[in-house]
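# Summary of structural features
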Amino acid sequence: MGAIASATVSESEHPLQAVVLDVDGTLVNSERDGHRVAFNLAFEEAGMSDRWGVEQYGELLGVPGGKRRLNSYFEQQGLAEQEREELSGRLHVRKTEIFTEMAKAGEIEARPGVAELLDELEEAGVRLAVATTGSRTWVDPLLDRLFGLERFEAIVGGDEVPSPKPDPAAHRTALERIGVDARAAPAIEDSAIGLRAAKAAGLACAVVVNEYTREQDFDAADVVLDGFGLPDAPASVISDPHRLDPPGRLDVPTIAALVAATASAR
Ligand code: XBP
Ligand code: MG
């Protein structure tokens, strides 16, 4: 337990039972200095001159899923379908190996305030599930190293569902696995793609933006902050349509109030 006192939340006060968490960009800062670097190392090892720059990668993130992202990039480069399928598949296997090593070596960091929020949720008896487009190959060791795998009751990876976010399959599968109704389990996401997926699955959604997602369309979000927030580094509230008034943090009372507000609006 960190320095932040946790609120005790009883089920009778609100219907919050679980939270469905995104990984990339939400629990961890993984895209710019993680996945992007791993893609570039895979290009280099394959003897290719392609390198994805920081800004360019922000645009490429519009295509969810690493293998699909590679495929779309090679399509833009004019490669024929069969060639880009083969190349994307091969490069993504190697990129996954590289990124898994980075995760195991501690090179991918949790976003500030996430560990404190997870502790607080656990103390309040709120169950934790994960819905990500990333593959379980690296998701499991990364979550294990940073937070301890046993805390998550269900982890749904992009390799386990037919279509990635914004398709609702990952969120739906996570809810099915823990046996919780969508109305009692809000999502936490960092991107417009993640928000659309959560909403399509019927979940309320808090968004915590990052440098890549800040300018995206979050009109449908139930609350938007620019970070999880810590007592000495409070987050700014970007949008608060339900007037939850988060105290500079995405804390358990705010998430509980979000569920209560969205449940009464349904
Ligand atoms: C994350 C993704 C993933 C990662 C790379 O989206 O789209 O593709 O960028 O991981 P979200 P993989 O945060 O919405 O889950 O290479 O394993 O796909
Ligand atoms: Mg994300």
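Note: the structure precedes this text.
Residues numbered from 1 in each chain as written. Chains lettered and ligands numbered in written order. Predicted model: local features only at pLDDT ≥ 70, side-chain atom pairs only at ≥ 80, totals over all residues. Heavy atoms only, no water.

### Some details on the overall build of the chain
- Looking only at helices and strands, the chain features nine helices and nine strands.
- Expected size for 266 residues packed as a compact globule is a radius of gyration near 18 Å; at 18 Å, the chain falls within 12% of this value.
- C-alpha extents for the chain along the principal axes are approximately 60 × 35 × 30 Å.
- In the chain, which comprises 266 residues, the share counted as buried stands at 55%.
- Restricting to contacts in the chain with at least 6 residues of sequence separation, those with at least 24 account for 63%.
- Carbon and sulfur atoms make up 45% of the accessible area of the chain, which totals about 11,700 Å².
- Once the 26 positive and 46 negative side-chain charges of the chain are each reduced to a mean point, those two points are 3 Å apart. (Helix = DSSP H or I, 4+ residues; strand = E, 2+ residues; numbered from the N terminus. Rg over C-alpha atoms; globule rule 2.2 N^0.38 Å. Buried < 20%, exposed > 50% of the residue type's maximum accessible area, 1.4 Å probe, protein only. Contact = heavy atoms within 4.5 Å. Areas by Shrake-Rupley, 256 points an atom, 1.4 Å probe, with all protein chains shown as cover. Lys, Arg positive; Asp, Glu negative; His and termini not counted. Charge placed at Lys NZ, Arg CZ, Asp CG, Glu CD.)

### Let's talk about the nonpolar core
- Ranked by size, the top nonpolar core spans 56 residues in total, and within it Leu21, Val23, Leu121, Leu143, Phe152, Ile188 and Leu250 carry the most contacts.
- Once you skip the residues sitting within four places of it in the chain, Leu143 turns out to touch Val23, Leu27, Val130, Gly148, Leu149, Phe152 and Ile155. (Core = buried A, V, L, I, M, F, W, Y, C linked by side-chain atoms within 4.5 Å.)

### Overview of the site of ligand 1
- Neighbouring ligand 1 are 17 residues; Glu31, Gly66, His92, Lys95 and Trp138 lie closest to it.
- At a separation of 2.8 Å, an oxygen atom of ligand 1 approaches a polar backbone atom of Thr133.
- Between Lys165 and ligand 1, the recorded distance is 3.5 Å, taken from a side-chain N or O atom to an oxygen atom.
- The fraction of the free accessible surface of ligand 1 (440 Å²) that becomes covered by protein chains is 95%.
- Going through the elements one at a time, helix H1 (31-45), helix H3 (66-76) and helix H4 (81-104) are the ones with two or more residues in the shell around ligand 1. (Near = heavy atom within 4 Å. Polar contact = N/O pair within 3.5 Å; in protein donor to acceptor, adjacent residues only side chain to side chain.)

### Some words on the coordination of the magnesium ion (ligand 2)
- Those protein atoms acting as donors to the magnesium ion (ligand 2) are Asp22 (OD), Asp24 (O) and Asp190 (OD), and they sit at 2.1 to 2.2 Å.
- With relative accessibility at 5%, the residue Asp22 sits in the buried group.
- The exposure class of Asp24 is buried, given its relative accessible area of 13%. (Donors = N, O, S within 2.8 Å, 3.2 Å for Na, K, Ca; no water.)

### Details of the packing of aromatic side chains
- Applying the stated criterion across every chain, the model contains eleven aromatic pairs.
- Pairing Tyr57 with Tyr212 gives two aromatic rings, centres 6.1 Å apart and planes at 65 degrees, and the pair type is edge-to-face. Here Tyr57 is found in helix H2 (residues 54-60), whereas its partner Tyr212 is found in the loop between strand E7 (205-208) and strand E8 (223-225), with 155 residues between them in sequence.
- Since its relative accessible area comes to 0%, Tyr57 is described here as buried.
- Among the residues examined, Tyr212 registers a relative accessible area of 18% and is labelled buried.
- Geometrically, the ring pair formed by Phe99 and Trp138 is edge-to-face, given 4.9 Å between the ring centres and 80 degrees between the ring planes. Of this pair, Phe99 sits in helix H4 while Trp138 sits in helix H6 (residues 136-147), and the two are 39 residues apart along the sequence. Across the pair, exposure class does not vary: Phe99 and Trp138 are buried alike.
- Aromatic rings pair up to connect Phe39, Phe43, Trp52, Tyr57, Tyr73, Phe74 and Tyr212 into one cluster. (Phe/Tyr/Trp six-rings, centres within 6.5 Å; stacked < 30°, edge-to-face > 60°.)

### Quick notes on the environment of Val19
- As for its placement among the helices and strands, Val19 is situated in strand E1 (residues 18-21).
- Assessed through its relative accessible area of 0%, Val19 is described here as buried.
- Counting along the chain gives 72 residues from Val19 to Leu91, while the straight-line C-alpha distance between them is 33 Å.
- If near-sequence neighbours (up to four positions away) are discounted, Val19 is found in contact with Leu121, Val126, Arg127, Leu128, Ala129, Pro186, Ile188 and Ile255.

### Remarks on the packing of helix H5 (residues 114-123) against helix H9 (residues 252-265)
- Viewed as axis vectors pointing N to C, H5 and H9 meet at an angle of 65 degrees, and their least axial separation amounts to 10 Å. Listed contacts from H9 to Leu117, Glu120 and Leu121 of H5 are Val252, Pro253 and Ile255. (Axes fitted to C-alpha atoms, helices over the stretch in contact; angles between N-to-C directions.)

### Some thoughts on the pattern of salt bridges
- Under the criterion given, the structure shown has 17 salt bridges.
- In the salt-bridge network here, residues are joined through shared partners; they are Arg136, Asp140, Glu160 and Arg177. (Salt bridge = Lys/Arg side-chain N within 4 Å of Asp/Glu carboxyl O.)

### Here's the deal with the packing of H1 against H4
- Where H1 contacts H4, the axes come no closer than 8 Å and their chain directions differ by 130 degrees. Taken together, H1 and H4 sit at an angle that is classed as oblique. The two elements H1 and H4 cross, and the hand of that crossing is right-handed. Only Leu91, His92, Arg94, Lys95, Ile98, Phe99 and Met102 of H4 make contact with H1, whose side of the interface consists of Asp33, Gly34, His35, Val37, Ala38, Phe39, Leu41, Ala42, Phe43 and Glu45. (Parallel < 35°, antiparallel > 145°, perpendicular 65-115°, else oblique. Left-handed = near helix turned anticlockwise from the far one by under 90°.)

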